[in-house]
Amino acid sequence: MVLASGTGSLLQSLIAAAVDDYPARIVAVGVDRDCAAAGHAETAGIPAFRVGLRDHADRAAWDRALTKATDAYQPDLIVSAGFMKILGPEFLDRFGGRIINTHPALLPSFPGAHAVPDALAYGVKVTGSTVHLVDAGVDTGPILAQEPVPVLESDDEASLHERIKTVERRLLAEVLAAVATRGVISDGRKAVIPK
Ligand SMILES: Nc1nc2c(c(=O)[nH]1)N[C@@H](CN(C=O)c1ccc(C(=O)N[C@@H](CCC(=O)O)C(=O)O)cc1)CN2
Ligand SMILES: NCC(=O)N[C@@H]1O[C@H](COP(=O)([O-])[O-])[C@@H](O)[C@H]1O
């Protein structure tokens with residue numbers, strides 16, 4: 001199960017990876033808004049659903065609806081691949097420990113929805129990609145994998161973000177396969193994928 005909100009290039013990379021003997025299958029795609037990611041799911045013949053915040057009375061109702069829509073597919077794991085909403089307590093109660101997120105920075109640096117422009121504005125020389133378990137905080141969950149990405153003098157947000165995405169597309173597929181195959185051990189702060 002993949003959650004997305006945007007252009008869906010990371011979703012596309014997971015669709016391309018999840019073939020042959022890859023140890024995971026994408027059972028559905030959930031989005032919170034009309035976005036290209038939903039189109040990629042349709043093109044690939046993968047069921048997709050939309051649970052928009054504005055379609056619900058409040059955040060709790062949205063959380064409940066997203067949980068119900070996701071539960072219908074009985075996913076073993078959930079991947080947040082550019083999903084731009086903070087998952088709420090009902091969703092975390094139901095799927096906690098089984099939600100993987102990819103973040104375009106080296107957490108704990110630059111959490112939140114604007115990591116790439118924040119890193120550029122700060123002037124860091126190295127940023128990167130983080131894959132982590134999702135918890136109730138914002139990008140505070142136990143880290144599963146990280147990889148550095150250099151920031152070039154010539155970079156703008158688009159060029160830097162694309163270079164980070166190139167790493168994310170590979171790293172996310174690798175981490176998902178490892179967790180699907182060997183599971184993950186976490187004490188809530190640190191996480192280890194057994195060898
Ligand atoms: N409970 C959690 N849910 C999610 C996490 C998380 O760490 N804990 N990670 C996000 C993905 N993400 C960063 O990697 C992220 C996405 C969005 C936001 C955010 O502030 N969203 C705002 C609305 C922004 C918008 O609608 O454009 C919000 O939810 O109010 C922060 C971090 C996936 N979910
Ligand atoms: N904080 C969440 C966040 O910024 N997520 C980021 O959204 C992008 C989605 O790319 P895509 O739409 O091309 O798959 C990815 O870089 C992902 O790390």
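Residues numbered from 1 in each chain as written. Chains lettered and ligands numbered in written order. Predicted model: local features only at pLDDT ≥ 70, side-chain atom pairs only at ≥ 80, totals over all residues. Heavy atoms only, no water.

Looking now at the UniProt feature "domain: Formyl transferase N-terminal" (unreviewed entry) in the chain. The positions UniProt marks with the feature "domain: Formyl transferase N-terminal" (unreviewed entry) are residues 2-176. Helix makes up 37% of residues 2-176 and strand 19%, and the two end C-alpha atoms of the span are 11 Å apart. (UniProt positions renumbered as here; feature names shortened; annotations may be inferred. Helix = DSSP H or I, 4+ residues; strand = E, 2+ residues; numbered from the N terminus.)

A few words now on the site of ligand 2. For ligand 2, the set of nearby residues contains 14 residues, the closest of which are T7, S9, H161, K165 and E168. Between ligand 2 and the protein, one listed contact pairs an oxygen atom with a backbone N or O atom of G8 at 2.9 Å. One of the side-chain N or O atoms of H103 is found 3.5 Å from a nitrogen atom in ligand 2. Protein contacts shield 92% of the accessible area of ligand 2, which totals 450 Å² for the unbound molecule. Among the elements that line the shell around ligand 2, the one with the most residues is helix α6 (residues 157-182), at three residues. Classifying every residue of the shell around ligand 2 gives three nonpolar, nine polar and two charged. (Near = heavy atom within 4 Å. Polar contact = N/O pair within 3.5 Å; in protein donor to acceptor, adjacent residues only side chain to side chain. Areas by Shrake-Rupley, 256 points an atom, 1.4 Å probe, with all protein chains shown as cover. Nonpolar A, V, L, I, M, F, W, Y, C, P; charged D, E, K, R; others polar.)

A separate point is the site of ligand 1. Close to ligand 1 lie 19 residues; R59, K85, N101, G137 and D139 are nearest. R59 places a side-chain nitrogen or oxygen 2.8 Å from an oxygen atom of ligand 1. The side chain of K85 places a nitrogen or oxygen atom 2.8 Å from an oxygen atom of ligand 1. Here ligand 1, which alone exposes 710 Å², has 80% of that area covered by the protein. The dominant element in the shell around ligand 1, judged by the number of residues it contributes, is strand β5 (residues 99-103), at three residues. For the shell around ligand 1, the residue count by class is seven nonpolar, seven polar and five charged.

Quick look at the UniProt feature "binding site: (6R)-10-formyltetrahydrofolate" (unreviewed entry) in the chain now. In the UniProt entry, the feature "binding site: (6R)-10-formyltetrahydrofolate" (unreviewed entry) is given for R59, M84, K85, I86, L87 and N101. Summarising the element assignment, R59 is placed in helix α3 (residues 59-71). Assessed through its relative accessible area of 39%, R59 is described here as partly exposed. Other than its neighbours up to four places away in sequence, R59 contacts L53, K85 and I86. Position of L87 relative to the elements: it lies in the loop between β4 (78-80) and α4 (89-95). Apart from residues lying up to four places away in sequence, L87 is in contact with L3, L66, L92, I99 and V134. (Buried < 20%, exposed > 50% of the residue type's maximum accessible area, 1.4 Å probe, protein only. Contact = heavy atoms within 4.5 Å.)

Between the first and last C-alpha of α6 there are 36 Å, a value that for 26 residues agrees with the 38 Å anticipated at 1.5 Å per step. With a side-chain oxygen positioned 3.2 Å from the backbone nitrogen of A158, the residue opening α6 is D156. A positive phi of about 75° marks G183, the residue just after α6. (Expected span 1.5 Å × (residues − 1).)

A separate point is the packing of helix α1 (residues 9-17) against helix α2 (residues 36-43). Two elements in contact, α1 and α2, have axes separated by 9 Å at closest approach and are oriented at 20°. In terms of their interaxial angle, α1 and α2 are classed as roughly parallel. Note that α1 runs across α2; the crossing there is right-handed. Of α2, the residues touching α1 (which contributes L11, Q12 and I15) are A37, H40 and A41. By residue class, the composition of the contact of α1 with α2 is four nonpolar, two polar and no charged. (Axes fitted to C-alpha atoms, helices over the stretch in contact; angles between N-to-C directions. Parallel < 35°, antiparallel > 145°, perpendicular 65-115°, else oblique. Left-handed = near helix turned anticlockwise from the far one by under 90°.)

Examined against the element boundaries, L92 turns out to sit in helix α4. Judged by its relative accessible area of 15%, L92 falls in the buried class. The sequence separation of L92 and G82 amounts to ten residues, and the corresponding C-alpha distance is 18 Å. If near-sequence neighbours (up to four positions away) are discounted, L92 is found in contact with L87, I99, V134, D135 and A136.

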